[in-house]
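# Summary of the model geometry
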Amino acid sequence: MTWGIIGTWRMVHDGLVAASKMLQENKRVGDAIEECVKAVEDYPYYKSVGYGGLPNEEGILEMDAAFMDGDTFEIGGVAGIVDAKNPVSVARALSKQKFNSFRVGEGATKFARLAGFECGNMLTERARRTWELRLDEVKKNNLNPYDGHDTVGVIGLDLSGSMAVATSSSGLFMKKAGRVGDSPLSGSGFYVDSEIGGATATGLGEDLMKGCLSYEIVRLMGEGLSPQAAADKAVYGFHHKLRKRYGKAGAFSLICMNLKGEWGVATNVDFTFSVANESAAPAIYFAKMGQNDTTVIEPITEEWLAAYEKRIKQPIE
Ligand code: ASP
């Protein structure tokens, strides 16, 4: 038996390092990926997940999250939840419920409070100020307000052969109240089957939902494709289809892992991710779309990491 873990964006890396140790020590995959996502939710400088996430148009931080167990297919999700310190833990708790396992808005927040999850203000001063400045900019320059969004999505495999996936996101910056992306939606934002593998997505939820790409990648792996071949086929196939039929394709990036800990990635933008398995220590990579529907994957450079660190902490006027 082997283990593995893969997650979206550079922001997942520190949590993934800790989670990979848990998996090596024979801990259960659900616990490892929950801890990994919580580390991202708790970090105030990641502006699209949990504490420090950017709010909706009205200045309210509404968050989406999900958890899926690949052994049992149990799924829990929250959408538009406010004030919950760790939406992923709320989603995981909901996954244990036979009914009412996907809660939205006030119902989700009420569940979190009643179930004893830590709650409080999740909007940092930095995020509030960024919102205020964006409101001004949008008014003055008639900008597309929705830049600035990413989801943390993590797929894990433990030494007993169980797999699970979790996501967490504050969705699109400046979204309309009640807007929900793909991240808490099964099949679009995530999917996992321990007998095959799992996949998860980040990018423009409105377009990701059109293709149910996480499910499609798992389905293709189930037909025998390698994770990389499944990711390339699903992502670039849908990218072309969407451009042809809908006129354009929003940004999207997907990662996947199979039951052997082998992984794949495909993206139509510049994308970073972190991955570890029995034969490779945790490392951050950079991916972009290559020629002929393939993906170019390279290790991240020290320069890139230093610039990233500086960018996320740069002072807001
Ligand atoms: N998929 C997320 C959403 O649409 C955002 C992102 O991952 O960039 O809410």
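Residues numbered from 1 in each chain as written. Predicted model: local features only at pLDDT ≥ 70, side-chain atom pairs only at ≥ 80, totals over all residues. Heavy atoms only, no water.

### Comments concerning the site of the ligand
Looking at the ligand, the residues that line it are His149, Asp150, Thr151, Gly171, Arg179, Gly181, Asp182, Ser183, Thr202, Gly203 and Gly205. Side-chain polar atom of Asp182 to a nitrogen atom of the ligand: 2.6 Å apart, as the coordinates give it. With respect to the ligand, the backbone of Gly203 contributes an N or O atom lying 2.6 Å from a nitrogen atom. Across the complex, the protein chains shield 100% of the 270 Å² of accessible surface that the ligand would expose by itself. The pocket occupied by the ligand, as judged from atoms lying within 2 Å of grid points, is the largest cavity. For the shell around the ligand, the class distribution of residues is no nonpolar, eight polar and three charged. (Near = heavy atom within 4 Å. Polar contact = N/O pair within 3.5 Å; in protein donor to acceptor, adjacent residues only side chain to side chain. Areas by Shrake-Rupley, 256 points an atom, 1.4 Å probe, with all protein chains shown as cover. 1 Å grid on protein atoms, 1.4 Å probe; cavity = no way out; pocket = protein on both sides within 12 Å on 5 of 7 lines; lining within 4 Å. Sits in = over half its atoms within 2 Å of the grid points. Nonpolar A, V, L, I, M, F, W, Y, C, P; charged D, E, K, R; others polar.)

### Thoughts on the environment of Gly197
Its location among the elements puts Gly197 in strand 8 (residues 197–203). Excluding residues that lie within four positions of it along the chain, Gly197 makes contacts with Met163, Tyr191, Val192, Val218, Met221, Met257, Asn258 and Leu259. (Helix = DSSP H or I, 4+ residues; strand = E, 2+ residues; numbered from the N terminus. Contact = heavy atoms within 4.5 Å.)

### Focus: the UniProt feature "binding site: substrate" (unreviewed entry) in the chain
Summarizing the sequence annotation, UniProt attributes the feature "binding site: substrate" (unreviewed entry) to Arg179, Val180, Gly181, Asp182, Thr202, Gly203, Leu204 and Gly205 in the numbering used throughout. The annotated residues contributing to the lining of the largest cavity are Arg179, Gly181, Asp182, Gly203 and Gly205. With respect to the helices, strands and loops of the structure, Gly181 is situated in the loop between strand 6 (163–169) and strand 7 (190–193). If sequence neighbours within four positions are ignored, Gly181 has contacts with Asp64, Gly205 and Met209. Looking at where Thr202 falls in the secondary structure, it is placed in strand 8. What makes Thr202 buried here is its relative accessible area of 1%. In this structure, Thr202 is in contact with Thr8, Trp9, Asp150, Thr151, Leu208, Ala251, Phe252, Ser253 and Phe271, ignoring residues within four places of it in sequence. Among the polar contacts listed, one links the side chain of Thr202 to the side chain of Trp9, at a separation of 3.0 Å. (UniProt positions renumbered as here; feature names shortened; annotations may be inferred. Buried < 20%, exposed > 50% of the residue type's maximum accessible area, 1.4 Å probe, protein only.)

### Considering the packing of aromatic side chains
The full count for this structure, using the stated rule, is 10 aromatic pairs. The interplanar angle of 80° and the centroid separation of 4.8 Å between the aromatic rings of Trp9 and Phe271 together place this pair among those described as edge-to-face. Taken together, the residues span a long stretch of sequence, with Trp9 in the loop between strand 1 (4–8) and helix 1 (13–24) and Phe271 in strand 11 (residues 271–277) at a distance of 262 residues. The pair formed by Trp9 and Phe271 is uniform in burial state, with each residue classed as buried. (Phe/Tyr/Trp six-rings, centres within 6.5 Å; stacked < 30°, edge-to-face > 60°.)

### What to know about the UniProt feature "active site" (unreviewed entry) in the chain
Cross-referencing UniProt, the feature "active site" (unreviewed entry) maps to Thr151 in the present numbering. For Thr151, the position within the fold is in the loop between helix 5 (125–141) and strand 5 (152–157). Taking the relative accessible area as the measure of exposure, Thr151 reaches 3% and is therefore buried. Engagement of the side chain of Thr151 in a polar contact is seen with the side chain of Ser169, the distance being 3.2 Å.

### With respect to the sheet that holds strand 12 (residues 280–289)
Here nine strands make up an open sheet; going across it, the order is 4-3-2-6-5-1-11-12-13 and the pairing mixed. Because the sheet does not close on itself, it has two edges, and the strands there are strand 4 (102–104) and strand 13 (295–299). Mean inter-strand twist for the sheet, computed between neighbouring axes without regard to direction, equals 15°. Across five bridges, strand 2 (residues 63–69) lies against strand 3 (residues 75–81) in antiparallel orientation. For Met63, the partnering residue across the bridge sits in strand 3 and is Ile81. (Pairing = 2+ DSSP bridges. Axes fitted to C-alpha atoms, helices over the stretch in contact; angles between N-to-C directions.)

### Side note on the sheet that holds strand 8
Pairing is antiparallel in the open sheet, where four strands are placed in the order 7-8-9-10. Every other strand in the sheet has two partners, leaving strand 7 and strand 10 (263–267) as the edge strands with one partner each. Adjacent strand axes in the sheet meet at a mean angle of 10° when their direction is disregarded. As defined by bridge partners, strand 9 (residues 252–258) adjoins strand 10 across five bridges and the pair is classed as antiparallel. What sits directly across from Leu254, in strand 10, is Ala266. The strands touched by helix 7 (residues 213–222) are strand 7, strand 8 and strand 9; relative to strand 8, the strand with the most contacts, the crossing angle is about 150°.

### Section: empty space enclosed by the protein
By the definition in use, this model includes one cavity of 30 Å³ or more. The calculated volume of the largest cavity comes to roughly 70 Å³. For the largest cavity, the lining is made up of 13 residues, of which Thr151, Ser169, Gly171, Ser183 and Gly203 are closest to its centre. Across the lining of the largest cavity, the residue classes break down as one nonpolar, eight polar and four charged. (Points joined across faces, edges and corners; volume = space filled by probe spheres on them.)

### Here we look at the pattern of salt bridges
Under the criterion given, the structure shown has 19 salt bridges. One salt bridge connects Arg113 with Asp83, and the closest N-O pair in it is separated by 3.1 Å. In this pair, Arg113 sits in helix 4 (residues 105–114) while Asp83 sits in the loop between strand 3 and helix 3 (87–95), placing the two residues 30 residues apart along the sequence. Ionic pairing is found between Glu132 and Arg129, a salt bridge with its closest N-O pair at 2.5 Å. (Salt bridge = Lys/Arg side-chain N within 4 Å of Asp/Glu carboxyl O.)

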